[in-house]
Amino acid sequence: MNETQVTVIGNVATEVTYTQTPGGVPVANFRLASTERRYDRARDGWVDGETQWVTVTAWRALAGHLIDSLSKGDPVVVSGRLRVREWAEGEVKRSRVEIDARSVGHDLSRGTARFSWAPGARNGSPGGFPGGSPGGPPGRAADGAAGPDEAAGGPVGEPVPGWIVDALRGRRPAGAGVGAVAEGETGGGA
């Protein structure tokens with residue numbers, strides 16, 4: 001089966017709406033605005049190009065996560081299946097571009113975000129680590145204690161570096177407050 005998979009970078013242009021199908025399946029939607037940026041040699045600077053408007057649809061757990069995570073104006077990266085819906089209103093033909101989302105995240109090239117595990121995330125489920133336990137990295141419980149695989153001495157996959165575990169838990173190295181500059185780096189200030 002052939003599908004057209006796309007990844008689009010843009011901003012959440014509307015509030016996320018949430019409903020359920022008659023069968024009780026959660027679904028969320030929002031409009032995404034993706035504006036091309038290009039360098040204009042005549043102006044010697046960056047300018048906005050055309051804005052593409054896309055409707056993003058998410059199902060099941062992803063739908064609930066969107067409601068909890070996104071706000072109008074947030075920069076995001078959306079990946080999923082591309083669809084073009086066409087219909088007629090009288091003599092006028094209409095169309096709408098949609099993405100049936102598989103993955104949605106904040107665009108970290110434009111800011112920071114703090115990740116938190118969804119309650120009840122299970123091994124192999126979207127958003128969980130294969131071989132891990134809910135609430136943390138592979139082989140670790142949410143509180144950082146050894147998970148069932150690690151406690152039993154079984155394989156837990158590749159080891160996760162401590163700095164990643166600390167980052168997932170929101171810890172910072174000693175003396176590294178918000179805006180702290182690591183040794184050897186320069187601050188971007190005036």
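The model shown is predicted, which means the values in this text are computed figures rather than measured ones.

Novice: Is there a simple way to explain the pairing of strand β4 (residues 45-59) in this structure?
Specialist: The two faces of the sheet receive side chains in turn, since in a regular strand these alternate between them. As paired elements, strand β3 (residues 26-40) and β4 share 13 bridges and run antiparallel to each other. Bridging from a neighbouring strand, R38 pairs with V47 of β4. Taking the residues between adjacent antiparallel strands as the criterion, β3 and β4 are bridged by four residues, where D44 takes a positive phi near 55°. Pairing of β4 with strand β6 (residues 92-106) involves three bridges; the strand directions are parallel. Bridging across to β6, V56 finds its partner in I99.

Novice: Sorry if this is basic, but what is going on with the pairing of β3 here?
Specialist: Here strand β1 (residues 5-12) pairs with β3 via two bridges, running antiparallel. Bridge pairing in β3 links V12 to L32. The pairing of strand β2 (residues 17-20) with β3 spans four bridges and is classified as antiparallel. The partner of Q20 across the bridge, within β3, is P26. In this structure, the hairpin formed by β2 and β3 is closed by a connection of five residues, where G24 is found at a positive phi of approximately 90°.

Novice: Explanation requested: the nonpolar core in the structure shown.
Specialist: Counting 19 residues, the largest nonpolar core has F30, L32, L66, L70, V78, A101 and V104 as the members making the most contacts within it. Among the elements of the structure, β1, β3, β4, α1 (60-69), β5 (75-89) and β6 are those that each provide at least two residues to this core. Leave out the neighbours within four places in its chain, and L70 touches V12, V16, F30, V76, V104 and H106.

Novice: Before we go on, may I ask you to explain the side chain of S34 in this structure?
Specialist: Its place among the elements puts S34 in strand β3. Every residue in contact with S34, bar those within four places of it in the chain, is listed here: V8, I9, G10, E50, T51 and Q52.

Novice: Is there a simple way to explain the pattern of salt bridges in this structure?
Specialist: Any two side chains of opposite charge can pair, so long as their charged atoms come close to each other. For the coordinates displayed, the defined rule picks out 10 salt bridges. Ionic pairing is found between E3 and R102, a salt bridge with its closest N-O pair at 3.2 Å. Note that E3 is positioned in the segment before β1 and R102 in strand β6, a separation of 99 residues in sequence. Here E3 falls in the partly exposed class, since its relative accessible area comes to 29%. For R102, a relative accessible area of 55% puts it in the exposed group. The residue D40 makes a salt bridge to R43 at a minimum N-O spacing of 3.7 Å. Taking relative accessible area as the criterion, R43 reaches 62% and is therefore assigned exposed.

What counts as what
Residues numbered from 1 in each chain as written. Predicted model: local features only at pLDDT ≥ 70, side-chain atom pairs only at ≥ 80, totals over all residues. Heavy atoms only, no water. Pairing = 2+ DSSP bridges. Helix = DSSP H or I, 4+ residues; strand = E, 2+ residues; numbered from the N terminus. Core = buried A, V, L, I, M, F, W, Y, C linked by side-chain atoms within 4.5 Å. Buried < 20%, exposed > 50% of the residue type's maximum accessible area, 1.4 Å probe, protein only. Contact = heavy atoms within 4.5 Å. Salt bridge = Lys/Arg side-chain N within 4 Å of Asp/Glu carboxyl O.

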